[in-house]
Amino acid sequence: MFHLPTQIFFGSDALAEAADYIFNLGSKPLLVSGPVGARKSGALGDVEKLLQSFAIPWAHFDEVEENPSLDTVMAGAQLLRAEQCDYVIAIGGGSPLDAAKAIALVAANALQRAQIYQTELFQCKLPLIAIPTTSGTGSEVTQYSVLTNPDTGIKSGFGHVLAFPSLAICNPIYTHSLNSQVTLNTALDALSHLLEGIYSNKRQALADPLIHAGARDIFENLQPVLENPSLASGREKLMRASLYGGITIAQGSTTLQHSLGYPLTSRFGTPHGLSNALVMLPVLKLFYSARKVELNALFAALNTSLEGFALWLESLNLPSCPPLEDDFIAKSVQEVLGSRNMANNPQEVSAPQIRQIYLDLR
Ligand code: NAP
Ligand code: ZN
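In this report, we go over the structure that sits alongside the text.

Parameters and conventions
- Residues numbered from 1 in each chain as written.
- Chains lettered and ligands numbered in written order.
- Predicted model: local features only at pLDDT ≥ 70, side-chain atom pairs only at ≥ 80, totals over all residues.
- Heavy atoms only, no water.
- Donors = N, O, S within 2.8 Å, 3.2 Å for Na, K, Ca; no water.
- Tetrahedral: all angles 85-135°; square planar, octahedral: opposite > 155°, others 65-115°.
- Helix = DSSP H or I, 4+ residues; strand = E, 2+ residues; numbered from the N terminus.
- Buried < 20%, exposed > 50% of the residue type's maximum accessible area, 1.4 Å probe, protein only.
- Salt bridge = Lys/Arg side-chain N within 4 Å of Asp/Glu carboxyl O.
- Polar contact = N/O pair within 3.5 Å; in protein donor to acceptor, adjacent residues only side chain to side chain.
- Contact = heavy atoms within 4.5 Å.
- Pairing = 2+ DSSP bridges.
- Right-handed = clockwise from strand over helix to strand, strands pointing away.

Moving on to the coordination of the zinc ion (ligand 2). Around the zinc ion (ligand 2), the donor atoms from the protein are Asp 189 (OD), His 193 (NE2), His 258 (NE2) and His 272 (NE2), and they sit 2.1 to 2.2 Å away. For the zinc ion (ligand 2), the 4 donor atoms in the first shell make angles of 83 to 169 degrees at the metal, so the coordination geometry reads as irregular. Summarised as a motif, the one-chain spacing of the donors to the zinc ion (ligand 2) is D-x3-H-x64-H-x13-H. Of this pair, Asp 189 sits in helix α6 (residues 180-199) while His 258 sits in helix α9 (residues 256-268), placing them 69 residues apart in sequence. Considered together, Asp 189 and His 258 belong to a single accessibility category, that of buried residues.

In this section: the pattern of salt bridges. Overall, the coordinates contain 8 salt bridges when judged by the stated rule. A salt bridge links Arg 113 to Asp 71; its shortest N-O distance comes to 2.6 Å. Taken together, the residues Arg 113 in the loop between α5 (94-109) and β5 (128-132) and Asp 71 in helix α4 (residues 70-82) connect sequence positions 42 residues apart. Sharing partners across several salt bridges, the network here consists of Asp 71, Arg 113 and Asp 151.

It is worth spelling out the side chain of Gln 257 at this point. Turning to its location among the elements, Gln 257 is positioned in helix α9. With relative accessibility at 0%, the residue Gln 257 sits in the buried group. For Gln 257, the side chain forms a polar contact with the side chain of Ser 192, separated by 2.9 Å. Apart from the residues lying within four places of it in its own chain, the contact partners of Gln 257 are Ser 192, Glu 196, Tyr 199, Asn 276, Val 279, Met 280 and Val 283.

Attention now moves to the pairing of strand β4 (residues 87-92). Across the 6 residues that make up β4, a large majority, 6, are buried. Alternating residues of β4 divide into Tyr 87, Ile 89 and Ile 91 and Val 88, Ala 90 and Gly 92, and every residue in both groups is buried. As paired elements, strand β2 (residues 29-32) and β4 share 4 bridges and run parallel to each other. Directly across from Pro 29, in β4, lies its bridge partner Tyr 87. Pairing of β4 with β5, which is carried by 5 bridges, proceeds in the parallel orientation. The partner of Ile 91 across the bridge, within β5, is Ile 131. In the classification by handedness, the crossover that spans β4, the intervening α5 and the parallel β5 is right-handed.

Here is the structure:
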């Protein structure tokens, strides 16, 4: 099944085109963002202007941190209730978008902190509008929310059909203010999602044209955008690729690649996209034989080969991986084996294989 309940507005007029749809969702929104990105991107200003012009009141929770915690979600839900908001507008990268999904579900279902991952308790939702300001997670069109439990330091996600945003409003101009590191990391997150759409044993071949187009957009436009951050055509292609990546993982979920990345983020604060990028090539090589036909079709669409793809990745000069201690590797192997995404791999993956991937990063 290919399921996508989110209405998507894409382009420079996306917010104006969505206005009538937004106002049908409720009477007072809670805006959810981080402290900086939403403002810097211009998206927050545009939303405030729109609400003001229709005399619509709002409240704003701007305390979402990177890799948002369960406590942040509870604080946002508390503000939503106190301010009697009846829908949510999330503005930012994946962190504010994911936190907003959980805030809306906690508020709608009166959940306790300990119940946030208990998706069987999700009975109803508050409408959610997602306005991405990064081109990476595709969270604006997924049913996932990835949160960090501060008690354990473990980062993990939940997925539920009620977590799909009602509207995704995607204006590439909001990404022009991203610095080169976030541009790089987030584009490689999107590329991970597209590749995992090929690896996943839940893969939907219907998504293949999106996977090919999205990967080509990144392959051809990432370097030019890094050289010229205000290259409008390139920014547009990267945002489109991110959207396609989100649509792809909404169908087939993520796999080993994301499972390997989460411990790097939790332990070292390595940004999400970079964590995925650091393990991209080893995972590609591990799954190549299981998905040879599909991967060769992808490389043909990129006009390259496995070797050419590896060289392109190398040319991006990714920051090196932090030093991985033996203890970290031993603990992470267990965490990876226990992660939900492991059920989606195209083949069995053993503890020694996971260990070897981490060892090779040293
Ligand atoms: P992010 O953590 O949302 O943002 C990274 C940084 O970029 C923050 O400092 C943010 O500032 C800043 N920023 C955002 N937009 C900006 C802009 N336009 N201009 C300048 N700065 C800007 O990064 P992300 O990579 O988009 O999201 C990563 C999170 O999404 C991870 O937690 C990951 O696990 C999750 N994720 C979710 C899904 C899903 O399907 N739900 C999929 C993949 C990943 P502020 O802090 O001020 O906002
Ligand atoms: Zn991701």
